[in-house]
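Structural overview
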Amino acid sequence: LNNPDFDTDAMGWTPGSVAGMAPMVSYQPAGTYNGGSALITPQDASPDRILMTNDAILSITAGQVYEVSGYVATTTGTINLRASLHQNGNIANLYSDRVAETYATNSGRVFKLYLTASTTAADAQFSLETSNQNVAYEIDSVSVRRVSALTKNTNTIEVLILSNTGTTNADIVCPGG
(Lines give C-alpha, C1' and ligand atoms only; values in the text may rest on other atoms or scores of the structure.)
Protein backbone atom coordinates (compact mmCIF):
# COMPACT_ATOMS: atom_id res chain seq x y z
CA LEU A 1 0.00 0.00 0.00
CA ASN A 2 1.02 3.59 -0.46
CA ASN A 3 1.92 5.39 2.79
CA PRO A 4 0.57 2.76 5.23
CA ASP A 5 2.11 4.46 8.28
CA PHE A 6 1.27 8.12 7.59
CA ASP A 7 4.74 9.06 8.83
CA THR A 8 4.87 12.47 7.18
CA ASP A 9 1.45 13.09 5.60
CA ALA A 10 -1.81 11.50 4.43
CA MET A 11 -0.74 11.25 0.78
CA GLY A 12 -1.62 8.02 -1.00
CA TRP A 13 -5.13 7.85 0.46
CA THR A 14 -8.21 9.32 -1.24
CA PRO A 15 -11.12 10.22 1.02
CA GLY A 16 -14.71 9.81 -0.01
CA SER A 17 -18.11 9.42 1.54
CA VAL A 18 -20.95 7.07 0.88
CA ALA A 19 -23.27 10.04 1.41
CA GLY A 20 -21.30 12.15 -1.09
CA MET A 21 -19.91 14.67 1.42
CA ALA A 22 -16.11 14.74 1.33
CA PRO A 23 -14.52 14.17 4.73
CA MET A 24 -11.25 15.67 5.81
CA VAL A 25 -8.26 13.37 6.03
CA SER A 26 -5.31 14.99 7.69
CA TYR A 27 -1.90 14.04 8.97
CA GLN A 28 -1.56 13.86 12.73
CA PRO A 29 2.15 14.09 13.62
CA ALA A 30 1.77 12.82 17.17
CA GLY A 31 -0.33 9.72 16.63
CA THR A 32 -0.99 7.50 19.61
CA TYR A 33 0.29 4.28 18.02
CA ASN A 34 3.33 4.56 15.77
CA GLY A 35 4.32 8.18 15.49
CA GLY A 36 2.38 9.90 12.72
CA SER A 37 -1.10 8.77 11.80
CA ALA A 38 -4.10 9.74 9.72
CA LEU A 39 -6.90 11.61 11.40
CA ILE A 40 -10.18 11.15 9.57
CA THR A 41 -12.94 13.56 10.48
CA PRO A 42 -16.30 14.22 8.86
CA GLN A 43 -16.91 17.79 7.73
CA ASP A 44 -20.35 17.72 9.31
CA ALA A 45 -22.84 15.25 10.72
CA SER A 46 -24.17 14.10 7.33
CA PRO A 47 -21.68 11.43 6.27
CA ASP A 48 -22.52 8.34 8.21
CA ARG A 49 -19.85 6.29 6.42
CA ILE A 50 -16.44 7.57 5.37
CA LEU A 51 -14.38 5.74 2.81
CA MET A 52 -10.59 5.87 2.49
CA THR A 53 -9.16 4.31 -0.66
CA ASN A 54 -5.47 3.61 -0.99
CA ASP A 55 -4.05 4.75 -4.33
CA ALA A 56 -1.91 1.63 -4.84
CA ILE A 57 -2.93 -0.81 -7.57
CA LEU A 58 -2.87 -4.41 -6.33
CA SER A 59 -2.85 -7.78 -8.09
CA ILE A 60 -5.16 -10.32 -6.48
CA THR A 61 -6.05 -13.96 -7.13
CA ALA A 62 -9.55 -15.45 -6.93
CA GLY A 63 -10.07 -17.61 -3.85
CA GLN A 64 -7.06 -16.22 -2.00
CA VAL A 65 -7.51 -14.69 1.45
CA TYR A 66 -6.04 -11.27 2.19
CA GLU A 67 -5.42 -10.03 5.72
CA VAL A 68 -6.05 -6.35 6.37
CA SER A 69 -4.49 -5.12 9.58
CA GLY A 70 -3.65 -1.87 11.27
CA TYR A 71 -4.35 0.34 14.23
CA VAL A 72 -7.58 2.25 14.86
CA ALA A 73 -8.96 4.49 17.59
CA THR A 74 -11.93 6.85 17.80
CA THR A 75 -12.66 9.98 19.78
CA THR A 76 -15.81 8.48 21.27
CA GLY A 77 -18.25 5.64 20.84
CA THR A 78 -17.55 2.28 19.22
CA ILE A 79 -15.15 1.45 16.40
CA ASN A 80 -16.90 0.40 13.18
CA LEU A 81 -14.75 -0.70 10.24
CA ARG A 82 -15.47 -2.25 6.83
CA ALA A 83 -12.84 -3.28 4.31
CA SER A 84 -13.03 -4.35 0.68
CA LEU A 85 -11.04 -4.95 -2.48
CA HIS A 86 -12.57 -3.41 -5.59
CA GLN A 87 -11.82 -2.34 -9.15
CA ASN A 88 -9.49 0.64 -9.52
CA GLY A 89 -11.66 3.75 -9.55
CA ASN A 90 -14.94 1.85 -9.16
CA ILE A 91 -15.89 1.12 -5.55
CA ALA A 92 -19.17 -0.46 -6.73
CA ASN A 93 -17.33 -3.25 -8.60
CA LEU A 94 -16.26 -5.39 -5.65
CA TYR A 95 -13.42 -7.89 -6.06
CA SER A 96 -13.94 -9.36 -2.57
CA ASP A 97 -16.51 -9.73 0.12
CA ARG A 98 -16.99 -6.56 2.19
CA VAL A 99 -16.01 -7.46 5.74
CA ALA A 100 -17.21 -5.48 8.76
CA GLU A 101 -15.99 -5.46 12.34
CA THR A 102 -17.28 -3.57 15.37
CA TYR A 103 -15.33 -3.10 18.59
CA ALA A 104 -17.25 -1.96 21.66
CA THR A 105 -14.57 0.48 22.70
CA ASN A 106 -13.09 3.72 21.46
CA SER A 107 -9.63 3.07 22.87
CA GLY A 108 -6.99 2.23 20.32
CA ARG A 109 -6.55 -1.31 19.12
CA VAL A 110 -4.94 -3.37 16.40
CA PHE A 111 -7.51 -4.72 13.97
CA LYS A 112 -7.45 -7.66 11.54
CA LEU A 113 -10.01 -8.31 8.83
CA TYR A 114 -9.92 -11.11 6.25
CA LEU A 115 -11.06 -10.61 2.66
CA THR A 116 -11.54 -13.40 0.12
CA ALA A 117 -10.90 -12.35 -3.50
CA SER A 118 -13.81 -13.26 -5.77
CA THR A 119 -11.87 -12.68 -8.98
CA THR A 120 -8.33 -12.54 -10.32
CA ALA A 121 -7.41 -8.98 -11.24
CA ALA A 122 -4.40 -6.73 -11.74
CA ASP A 123 -6.34 -3.52 -11.12
CA ALA A 124 -7.58 -3.90 -7.54
CA GLN A 125 -7.67 -1.19 -4.92
CA PHE A 126 -8.20 -1.44 -1.17
CA SER A 127 -10.70 0.65 0.78
CA LEU A 128 -11.31 1.03 4.48
CA GLU A 129 -14.65 2.40 5.59
CA THR A 130 -15.60 3.90 8.95
CA SER A 131 -19.08 4.61 10.24
CA ASN A 132 -20.11 6.84 13.09
CA GLN A 133 -21.50 10.35 12.68
CA ASN A 134 -19.43 13.12 14.27
CA VAL A 135 -16.69 10.70 15.30
CA ALA A 136 -13.05 11.19 14.33
CA TYR A 137 -10.98 8.09 13.58
CA GLU A 138 -7.23 7.70 13.96
CA ILE A 139 -5.78 5.13 11.52
CA ASP A 140 -2.19 3.90 11.37
CA SER A 141 0.06 1.07 10.13
CA VAL A 142 -2.39 -0.30 7.58
CA SER A 143 -1.36 -3.35 5.57
CA VAL A 144 -2.90 -5.81 3.13
CA ARG A 145 -1.19 -9.13 2.61
CA ARG A 146 -2.08 -12.48 1.13
CA VAL A 147 -2.17 -15.20 3.75
CA SER A 148 -1.67 -18.84 2.89
CA ALA A 149 -3.40 -21.88 4.32
CA LEU A 150 -6.20 -19.87 5.85
CA THR A 151 -9.76 -20.88 5.19
CA LYS A 152 -12.87 -19.10 6.28
CA ASN A 153 -15.02 -22.24 6.60
CA THR A 154 -17.01 -21.69 9.80
CA ASN A 155 -18.31 -25.29 9.67
CA THR A 156 -14.85 -26.75 10.26
CA ILE A 157 -14.25 -28.23 13.70
CA GLU A 158 -10.72 -27.64 14.90
CA VAL A 159 -9.14 -30.76 16.37
CA LEU A 160 -6.02 -30.69 18.49
CA ILE A 161 -4.03 -33.91 18.24
CA LEU A 162 -1.86 -34.74 21.22
CA SER A 163 0.98 -37.20 21.16
CA ASN A 164 1.68 -39.12 24.33
CA THR A 165 5.30 -40.29 24.35
CA GLY A 166 5.52 -41.12 28.05
CA THR A 167 4.57 -44.23 29.96
CA THR A 168 1.15 -42.91 30.98
CA ASN A 169 -1.86 -43.84 28.88
CA ALA A 170 -3.78 -40.94 27.43
CA ASP A 171 -7.48 -40.76 26.72
CA ILE A 172 -8.37 -38.59 23.74
CA VAL A 173 -11.95 -37.41 23.64
CA CYS A 174 -13.36 -35.88 20.50
CA PRO A 175 -16.57 -33.85 21.02
CA GLY A 176 -19.42 -35.23 18.93
CA GLY A 177 -17.94 -38.72 18.69
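You'll find the structure just up there.
Residues numbered from 1 in each chain as written. Predicted model: local features only at pLDDT ≥ 70, side-chain atom pairs only at ≥ 80, totals over all residues. Heavy atoms only, no water.

**Things to note about the overall build of the protein chain**
Tallying secondary structure elements over the protein chain gives zero helices and 12 strands in all. Of the regular secondary structure in the protein chain, the N- to C-terminal order runs β-β-β-β-β-β-β-β-β-β-β-β. For the protein chain, restricting intrachain contacts to residue pairs at least 6 apart in sequence, the fraction spanning at least 24 positions comes to 72%. For the protein chain, the accessible area works out to roughly 9,700 Å², and carbon and sulfur atoms hold 50% of it. (Helix = DSSP H or I, 4+ residues; strand = E, 2+ residues; numbered from the N terminus. Contact = heavy atoms within 4.5 Å. Areas by Shrake-Rupley, 256 points an atom, 1.4 Å probe, with all protein chains shown as cover.)

**Details of unusual backbone geometry**
At N3, a residue that is not glycine, the phi angle is positive and equals roughly 50 degrees. Among the structural elements, N3 can be located in the segment before β1 (13-17). Phi is positive for S141, close to 50 degrees, though the residue is something other than glycine. Take S141: it is sitting in strand β12 (residues 137-147). S141 gets classed as buried once you look at its relative accessible area, which sits at 19%. (Buried < 20%, exposed > 50% of the residue type's maximum accessible area, 1.4 Å probe, protein only.)

**Considering the side chain of S127**
Summarising the element assignment, S127 is placed in strand β11 (residues 121-131). Of the polar contacts made by the side chain of S127, one reaches the side chain of T53; its length is 2.7 Å. (Polar contact = N/O pair within 3.5 Å; in protein donor to acceptor, adjacent residues only side chain to side chain.)

**Brief notes about the side chain of S96**
Mapped onto the elements of the fold, S96 is located in the loop between β8 (90-94) and β9 (99-103). Looking at S96, the relative accessible area reads 6%, which means it is buried. Only 2.9 Å separates the side chain of S96 from the backbone nitrogen of L85, close enough to count as a polar contact. Setting aside residues up to four positions removed in sequence, S96 forms contacts with S84, L85, L115, T116, A117 and S118.

**Quick word on the nonpolar core**
Ranked by size, the top nonpolar core spans 31 residues in total, and within it L81 and F126 carry the most contacts. Mapped by element, the contributors of at least two residues to this core are β3 (37-41), β5 (58-60), β6 (65-74), β7 (79-87), β9, β10 (109-116), β11 and β12. With sequence-adjacent residues up to four places away left out, L81 is seen in contact with V72, V99, A100, E101, Y103, F111, L113, L128, E129, T130 and Y137. (Core = buried A, V, L, I, M, F, W, Y, C linked by side-chain atoms within 4.5 Å.)

**Some words on the pattern of salt bridges**
Pairs can form between side chains of opposite charge whenever their charged atoms are close. Within this structure, the stated rule accounts for three salt bridges. Its salt-bridge partner being E67, residue K112 comes within 3.9 Å of it at the nearest N-O pair. Here K112 is found in strand β10, whereas its partner E67 is found in strand β6, with 45 residues between them in sequence. Judged by relative accessible area, which is 5%, E67 ranks as buried. (Salt bridge = Lys/Arg side-chain N within 4 Å of Asp/Glu carboxyl O.)

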